[in-house]
2 protein chains.
Amino acid sequence: MTDPDLSRRIRDAGGRVTTARLAVLRCLADADEPLTPDEVLEHLARNSDHVPDRVTIYRAIDWLAVHGLVRRLATVGRAARYEPVEDREAHAHFQCRRCAQTRCLPAPTPPLPPLPPGYAAERIELVIHGLCAACRAGDTP
Amino acid sequence: MTDPDLSRRIRDAGGRVTTARLAVLRCLADADEPLTPDEVLEHLARNSDHVPDRVTIYRAIDWLAVHGLVRRLATVGRAARYEPVEDREAHAHFQCRRCAQTRCLPAPTPPLPPLPPGYAAERIELVIHGLCAACRAGDTP
DNA sequence: GTTAAAAATGCAATAAAATGGCAAAAAGGA
DNA sequence: TCCTTTTTGCCATTTTATTGCATTTTTAAC
Ligand SMILES: [Mn+2]
Ligand SMILES: [Mn+2]
Ligand SMILES: [Zn+2]
Ligand SMILES: [Zn+2]
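Residues numbered from 1 in each chain as written. Chains lettered and ligands numbered in written order. Predicted model: local features only at pLDDT ≥ 70, side-chain atom pairs only at ≥ 80, totals over all residues. Heavy atoms only, no water.

**Here's the deal with the overall build of chain A**
Move 1: The helix and strand inventory of chain A stands at 5 helices and 5 strands.
Move 2: The principal-axis extents of the C-alpha atoms in chain A amount to approximately 45 × 40 × 25 Å.
Move 3: Out of the 141 residues belonging to chain A, those deemed buried represent 45%.
Move 4: Within chain A, contacts between residues at least 6 apart in sequence are counted, and of these 44% link residues at least 24 apart.
Move 5: Mean positive and mean negative side-chain charge positions of chain A (19 and 19 charges, respectively) differ by 3 Å. (Helix = DSSP H or I, 4+ residues; strand = E, 2+ residues; numbered from the N terminus. Buried < 20%, exposed > 50% of the residue type's maximum accessible area, 1.4 Å probe, protein only. Contact = heavy atoms within 4.5 Å. Lys, Arg positive; Asp, Glu negative; His and termini not counted. Charge placed at Lys NZ, Arg CZ, Asp CG, Glu CD.)

In C-alpha cells, the structure reads:
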C-alpha cells in the first residue's frame, strides 16, 4: 500500500496525517507479522531519520486501533502486538512459545460459536500455540 | 475437586505441596472464569487467613503453569489470566472489550488448521471479542 | 519426633510495558 | 501567513511481572 493510500485512510478516519502516524502505519503495513510497539520503534530507528518518541508510538498505535486501521491481537506474551486491518481479513495466528514469534496463518477464522444470551460478538480470533520451525530445529524443547 | 485431589496433582507433578500452591490452585479451580494473579490475591485475601505475598502468588502460578496444572490464556488485556487444566478441555473464551471480563464458553476449539512446514502445534485457542450482556445493557458502547 | 537437605517464601529492589500531564511544536484551514 | 486545534516530546507515574537473597517451610531419612 502506497503512502498516499495510507495518508488517505488516516484522513478519512478524521485525524491529522502526521509523520508519526504515517510511519507507524507504514511500518505495520510493511511488516509480514504483527509487531509490538517496541518493535515498531526499532524498525523506525533503523529505517527512518526522525525517530518518534516511544510515547508517541504508543499514542499513534492507540489512535490507529481506536479508528480501526490497526488491530490489537490477543497474546500470551507481555507486550501487545498489532497488525494492520487490510483486505486480507479474519486469519489465524501462530504463537511460538519459545521465541514468542507471532505469525499470520493462511487459515481463515472459524464460524462464530453460540454465545450466552445478551452477549454480542464483534471479532473472532484463533491462536495456535506451539513451536516454530526455527525453534523446533534448535536445541531445547 | 477436593483438597487431597489437588495436593495429589501437585505432588505427582514433582513439587512440594505448600500452602500457597494449594491455595492458588484451589482458587483457580473454584473460580468459574480465568483469573489474573491479582484477582487470585484478592480472593485469598478475602477467603483465607494467611495471605501469601504477591510474589509467591506469581511463583506458584508459574510453577503450576510450567507443570501443566494451570494454563495461561491469550488476552488483549494487560494482565495475564489463568485457568485450571481439568477434564473439561479445549473450550473457547469470550473477552468483553469494555469490562475485560473473560468468560469460558461451551464451544469446543475448532480443528487445527494447516501450518507452515516445520511448525508444531500444541494448543489451539479461540477468543471471541465483543460486549458482555452487562456491558451491552449499560451505557456507552 | 528430630534432624538435615532441598525447596519455597517474604521482602526489597528492579525491570518491562504502558499511561498521564503539560508545555512546545506541528498540522490544516482561513 | 496566521490562528486554532491536534499532536508531540519529555518527565513522572502506574501497572504488571521478575530477580536476589536471607529466612522459613517442606519432606525424607533417621
Ligand atoms: Mn495477522
Ligand atoms: Mn476457560
Ligand atoms: Zn520460535
Ligand atoms: Zn463487559
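**As for the domain arrangement of chain A**
Residues and elements named next belong to chain A.
Move 1: Under the domain assignment, chain A is made up of domain 1 (3-84) and domain 2 (91-137).
Move 2: Each of domain 1 and domain 2 has a C-alpha centre, and the two are 21 Å apart.
Move 3: On the domain 2 side, the residues contacting the 11 residues of domain 1 number 11 residues.
Move 4: Regarding the contact of domain 1 and domain 2, the summed buried area is about 860 Å², with carbon and sulfur atoms giving 49% of it. (Domains from an automatic or database assignment. Buried area = accessible area lost by both parts, 1.4 Å probe.)

**Some details on the protein's contact with DNA strand C**
Move 1: As a matter of local geometry, DNA strand C sits amid 21 residues, with A:Tyr58, B:Thr18, B:Arg21, B:Thr56 and B:Arg59 nearest to it.
Move 2: Here, DNA strand C places atoms within 4 Å of the protein, and 65% of those atoms are sugar or phosphate.
Move 3: Contact distances for DNA strand C include 2.9 Å between a phosphate oxygen and a side-chain N or O atom of B:His50. (Near = heavy atom within 4 Å. Polar contact = N/O pair within 3.5 Å; in protein donor to acceptor, adjacent residues only side chain to side chain.)

**Some points on the sheet that holds strand S4 (residues 102-108) of chain A**
The strands making up a sheet are joined through hydrogen bonds of the backbone, oriented either antiparallel or parallel.
Move 1: In spatial order, the strands read S4(A)-S3(A)-S5(A)-S5(B)-S3(B)-S4(B); together these 6 strands make up an open sheet with mixed pairing. What marks the edges here is a single partner per strand, and that holds for S4 of chain A together with strand S4 (102-108) of chain B. If you compare each strand with its neighbour and ignore which way they point, the axes differ by 30 degrees on average.
Move 2: Note: strand S3 (residues 91-96) of chain B against strand S5 (residues 120-131) of chain B, 4 bridges, orientation parallel. By the bridge assignment, B:Cys96 is partnered in S5(B) with B:Gly130. (Pairing = 2+ DSSP bridges. Axes fitted to C-alpha atoms, helices over the stretch in contact; angles between N-to-C directions.)

**Considering the coordination of the manganese ion (ligand 1)**
Geometrically, a metal with four donors at the corners of a regular tetrahedron has ideal angles of 109.5 degrees, and one with six donors at the corners of a regular octahedron has ideal angles of 90 or 180 degrees.
Residues and elements named next belong to chain A.
Move 1: Coordination of the manganese ion (ligand 1) by the protein comes from Glu-83 (OE), His-91 (NE2), His-93 (NE2) and Cys-104 (SG), over a distance range of 1.9 to 2.2 Å.
Move 2: All donor residues of the manganese ion (ligand 1) come from one chain, and their arrangement in sequence is E-x7-H-x1-H-x10-C. Here Glu-83, found in strand S2 (residues 81-84), pairs with Cys-104, found in strand S4; they are 21 residues apart in sequence, far enough to count as distant. For the pair formed by Glu-83 and Cys-104, the shared burial category is buried. (Donors = N, O, S within 2.8 Å, 3.2 Å for Na, K, Ca; no water.)

**Structural notes on the interface of chain A and chain B**
Move 1: If you look at the interface, chain A gives 35 residues, while chain B gives 35 residues.
Move 2: Around 3100 Å² of area is buried between chain A and chain B when both sides are counted, 58% of it from carbon and sulfur atoms.
Move 3: Counting the surface chain A buries against chain B, the share from its top three residues, A:Tyr119, A:Glu122 and A:His129, is 19%.
Move 4: Counting the contacts that link chain A with chain B gives 2 salt bridges.
Move 5: When the shortest N-O distance is used, the salt bridge between A:Arg97 and B:Glu122 registers 2.7 Å.
Move 6: Secondary structure elements with two or more residues in the side of chain A that touches chain B: strand S1 (70-73), S4, strand S5 (120-131) and helix H5 (133-137) of chain A.
Move 7: Per-element tally for the side of chain A that touches chain B: the top contributor is S5(A), with 12 residues. (Salt bridge = Lys/Arg side-chain N within 4 Å of Asp/Glu carboxyl O.)

**Considering the protein's contact with DNA strand D**
Move 1: Around DNA strand D, a shell composed of 22 residues is seen, among which A:Arg16, A:Arg21, A:Thr56, A:Arg59 and B:Arg16 lie nearest.
Move 2: Restricting attention to atoms of DNA strand D within 4 Å of the protein, one finds that 65% of them are sugar or phosphate atoms.
Move 3: For DNA strand D, a phosphate oxygen lies 2.8 Å from a polar atom in the side chain of B:Tyr58.
Move 4: Take B:Ala80: an N or O atom from its main chain is 2.9 Å from a phosphate oxygen of DNA strand D.
Move 5: For the surface near DNA strand D, the secondary-structure elements that each account for two or more residues are helix H2 (19-30) and helix H4 (54-66) of chain A together with helix H4 (54-66) of chain B.
Move 6: Residues belonging to the surface near DNA strand D are distributed by class as follows: 9 nonpolar, 5 polar and 8 charged. (Nonpolar A, V, L, I, M, F, W, Y, C, P; charged D, E, K, R; others polar.)

**Notes on the pattern of salt bridges**
Move 1: Within this structure, the stated rule accounts for 16 salt bridges over all chains.
Move 2: Residues B:Arg26 and B:Asp30 are paired through a salt bridge, measuring 3.2 Å at the closest nitrogen-oxygen approach. Of the two residues, B:Arg26 and B:Asp30 are both situated in helix H2 (residues 19-30); the distance of 4 residues between them amounts to about one turn of the helix.
Move 3: Here B:Asp38 and B:Arg54 are joined by a salt bridge, their closest N and O atoms 2.3 Å apart. Here B:Arg54 lies in helix H4 and B:Asp38 lies in helix H3 (residues 37-47), a separation of 16 residues in the sequence.
Move 4: Among the residues examined, B:Asp38 registers a relative accessible area of 33% and is labelled partly exposed.
Move 5: A single salt-bridge network, built from bridges that share partners, covers A:Asp3, A:Arg26 and A:Asp30.

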